[in-house]
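# Architecture at a glance
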Amino acid sequence: KATVSVLYWKINQGEMKMQLFDFTKRNLAANAEEIKKEVSSIVEEYGGRLDVIRKGGEGFDGTFGALAAADAEASFRSITCVLPSLTSGDQEARKASAEAKQELASMWSSAYSCPTLFKALQAYKESGVQDGLDEQDARLIDVTLGKFRHSGAHLSPAAREAFLTPNTVASQTGTQFEMNINEDVTKVEFAPSELDGLPASFIAALPKTPSGNVVASIKAPVRLPIMQQAHSSETRRKMQHAAQTACAATNGPLLDKILEARHQAAVAAGYENHAEYMLRTRTAGDLKTATAFCHEMLEKMQKKLKEEKEVLEKANGGKPVETWDVAYLVEKVKKESGIDTEALKKYFPLKQTLNRILDMYADLLGLVINEDPALPKWCDDVLTYTIRDLDSGDHLGSLYLDLFPRDGKFGHQMMLPLAPTFTGCRPACCYMGNLSKPEGDEEALLRITEVTTMFHELGHVMHCLCTQSKYSILSWAWPMVPWPGGVEQDFLEVPSSMFEQWALEEEVITQLSGEVDGKKIDLETVKKLNEKKHELDIVALYAKYYAMAVADLRMHSVAKASSQAIYRDTMKELINVTLQEDAHPAASWYHPVFGYDAGYYGYGWAEVYAQDLFVDFKQKGLFDKETGRKLRRTILAPCATKSAPTMLHDFLGREPSQEPYCIDLGIAG
């Protein structure tokens, strides 16, 4: 352990050049016993290294540097314990992994709430002896002390206990909440006639009962086509009801327990509520600002929302539109305007589309991205890549793609960091998707929405793999992993949301699409896709999103919350949507429990910034390499080594503006 620490600091000071921490040697498919053994070892070694600091660490290297080194190694080792909970086909491994993740989260929570450790670090900061430190060292000091304060290390013993106890309850309950969603296998049985409107190949690929009925999962690759294409309104209602009641009995009470515990902790820390506590670490700053932003956007959308609702009612023969009819009617209107999203799938085969997106990113950012089958995997379906710098040839990191749903696997879309960036270690990450599986022997084809999702998630990948940080706490992370790190939460989505804007640009679609029978997608369709990219998006997406963001803020700003009632009442109040009886969508909503608590607004907040960044590419060329390199240099590479406002100003040269976002959505003025 001492040798590792010495080597780490010699590398950090530029005395050695080597990759000390080799991710290719990590165990990514650990069984339950291996997970238990590894987590015990991590906790023991991490605790021992912190004891050295507590007993009198001297100078930067003996205080902040020593803590950073301990964090880095523990973070690097943690993925062996964390990954199986999201990917393993072995239920025992998933259970052991979820418990290990909780143990690691508790380890870091205890470390960063430790008053003795905080005093040792604070003493060095106040000593004034900080010669020879660079910008990242100074940032490390500020971020680390800020995390200690946010974790209650500065509180009195009684207040700290009142803060930590409910926080532990919330964290442990959240682990069970996540497991319940991952383990959920809710399915809906339909007679074949109830799926009229769906392609025969889609129906043929679904499981059947002995009587010949079709069994449909509520996972997105099955649920969304049914909601968009099934002619029967009752079929769509049944599917929506199943999705919105999934986990309600188990996770509904757990979510309310989490919300109450978080409120108790926030009050103990001196805040009015959990929302105020969380927002102090974000660029929005406070609950009033975040809430006002959501209401402002909803207000700007009212005129267009009314117009779009009228379009859907007309498409529905003048009859009232139920919530389960929206996706179907949107598809119907788009088809009538010449955009058949189902027919367009044939131009976007998965592997070709994926490789072309990666080629675009590589060319724009100055990277070399090559498939590398030799990297270790946890599942045969996983694709693996190595990323290098185009100019220097330096190894930048490793990319894993786990794209298709499986029972027990994480059920949403996300980018999961597998290894942080720090001196001696290059990052690794995984795009964990739930895309449409191949139908029969055919190659997997992507819907336009899935292409857009791929641009978004691979945008997170570029942010992670381009990071240049000496310290793991300043590299790319979010609370789906237990180790500390990452940018401000409401800046996290900025690069990915900006890259998402490429997806429906005419120039990009033309380059991205493949040939069918020797013909590429026709230019008129390409033009329509771009012109109508936000057609009916306010009624189908954005109004609901901002209402959900307000519901999240409300859940986290009261002492004792009924999450089901708050969600239901907020939908009715803000966008006049009535949920089905006993529906509880928040019971299967990952975001408020993991990392986006009082932070769901951050997607819209970040998209405002993202659209402003995208203006530079629109003006100078979507594939302008100079602008791409500037983006990598000022936004991607710094990651958390700089504050979000500083990075935005470094790229824009001015304060950001809402105007490009509002113009793009058609709600300006």
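Keep in mind the model is a prediction, meaning the values are calculated, not measured.

## Looking at the side chain of E178
With respect to the element layout, E178 can be found in helix α9 (residues 157-183). Among the residues examined, E178 registers a relative accessible area of 4% and is labelled buried. Discounting residues that sit within four places of it in the chain, E178 has contacts with L86, K101, M480, Y590 and F594.

## Topic: the sheet that holds strand β5 (residues 395-402)
Taken together, the 5 strands give an open sheet; going across it, the order is β3-β4-β5-β7-β6, and neighbouring strands pair in mixed fashion. Of all the strands in the sheet, the pair left with one neighbour each is β3 (367-371) and β6 (414-419). Averaged over all pairs of adjacent strands, the angle between their axes in this sheet comes to 25 degrees, without regard to strand direction. As paired strands, β6 and strand β7 (residues 428-432) are joined by 5 bridges and run antiparallel to one another. Each bridged residue has a counterpart across the sheet, and for P417 the counterpart in β7 is C429.

## Quick word on the pairing of β5
Counting buried residues in β5 gives 7 out of 8 residues, a clear majority hidden from the surface. Here strand β4 (residues 383-389) runs beside β5; their pairing, made up of 6 bridges, is antiparallel. The residue of β5 that forms the bridge with T384 is Y400. In this structure, β5 lies alongside β7, joined through 5 bridges in parallel fashion. Looking across to β7, one finds that D402 is bridged to M432.

## Quick notes on the pairing of β4
The buried fraction of β4 is high, at 6 of 7 residues. In the sheet, β3 pairs with β4 via 5 bridges, with the strands oriented antiparallel. Bridging from a neighbouring strand, L367 pairs with D389 of β4. Counting the residues in the hairpin turn of β4 and β5 gives 5 residues, including G393, whose phi is positive at 80 degrees.

## With respect to the confidence of the model for the chain
When pLDDT is averaged along the chain, the result is 93; 97% of the residues meet or exceed 70. For residues 1-19, every residue scores under 50 in pLDDT, and the model assigns this stretch 36 contacts once sequence neighbours within four places are set aside.

## Some points on a negative patch on the surface
Together, E506, D522, E524 and E531 line one region of the surface with negative charge. Along the chain, the position of E506 falls in helix α21 (residues 506-512).

## A short note on the packing of aromatic side chains
Tallied over the entire structure, the rule returns 30 aromatic pairs. Judged by centre distance (5.9 Å) and plane angle (70 degrees), the ring pair of W478 and Y596 falls under edge-to-face. Of this pair, W478 sits in the loop between α19 (448-466) and α20 (494-500) while Y596 sits in the loop between α24 (563-575) and α25 (602-620); the two residues are 118 residues apart in sequence, bridging distant segments of the chain. An aromatic cluster of three or more residues is present, and its members are F293, W478, Y545, Y546, Y567, W589, Y596, Y600, Y601, Y603, W605 and Y609. One residue, K147, lies across the ring of Y112, its end atom 5.4 Å from the ring centre. Geometry around F651 places K630 over its ring, the cationic atom sitting 4.4 Å from the centre.

## Quick word on unusual backbone geometry
With the exception of glycine, most residues fall at negative phi, and the peptide bonds are largely trans. The phi torsion at N576 lies on the positive side, around 55 degrees, for a residue other than glycine. You can see N576 is positioned in the loop between α24 and α25.

## Looking at the environment of I357
Looking at the secondary structure, you find I357 in helix α18 (residues 350-365). Taking C-alpha positions, I357 is 11 Å from I369, a pair spaced 12 residues apart along the chain. Not counting residues within four places of it along the chain, the set of residues in contact with I357 comprises V451, M454, F455, L458 and L512.

## Topic: the pattern of salt bridges
A full pass over the atoms with the stated rule returns 36 salt bridges. Between R236 and D325 there is a salt bridge whose closest N-O contact spans 2.7 Å. Taken together, the residues R236 in helix α12 (residues 233-245) and D325 in the loop between α15 (287-315) and α16 (326-336) connect sequence positions 89 residues apart. In this structure R236 comes out as buried when scored by relative accessible area, which is 3%. For E342, the salt bridge identified is with K345, shortest N-O distance 3.1 Å. Overall, K345 belongs to the buried group, its relative accessible area being 8%. Here the salt bridges share partners, and the residues they tie into one network are R26, E38, E45 and R77.

Basis of the calculations
Residues numbered from 1 in each chain as written. Predicted model: local features only at pLDDT ≥ 70, side-chain atom pairs only at ≥ 80, totals over all residues. Heavy atoms only, no water. Helix = DSSP H or I, 4+ residues; strand = E, 2+ residues; numbered from the N terminus. Buried < 20%, exposed > 50% of the residue type's maximum accessible area, 1.4 Å probe, protein only. Contact = heavy atoms within 4.5 Å. Pairing = 2+ DSSP bridges. Axes fitted to C-alpha atoms, helices over the stretch in contact; angles between N-to-C directions. pLDDT = per-residue confidence, 0-100. Patch = residues over 30% accessible without salt bridge, like charges linked within 9 Å, V, L, I, M, F, W, Y side chains within 5 Å. Areas by Shrake-Rupley, 256 points an atom, 1.4 Å probe, with all protein chains shown as cover. Salt bridge = Lys/Arg side-chain N within 4 Å of Asp/Glu carboxyl O. Lys, Arg positive; Asp, Glu negative; His and termini not counted. Charge placed at Lys NZ, Arg CZ, Asp CG, Glu CD. Phe/Tyr/Trp six-rings, centres within 6.5 Å; stacked < 30°, edge-to-face > 60°. Lys NZ or Arg CZ within 6 Å of the ring centre and 35° of its normal.

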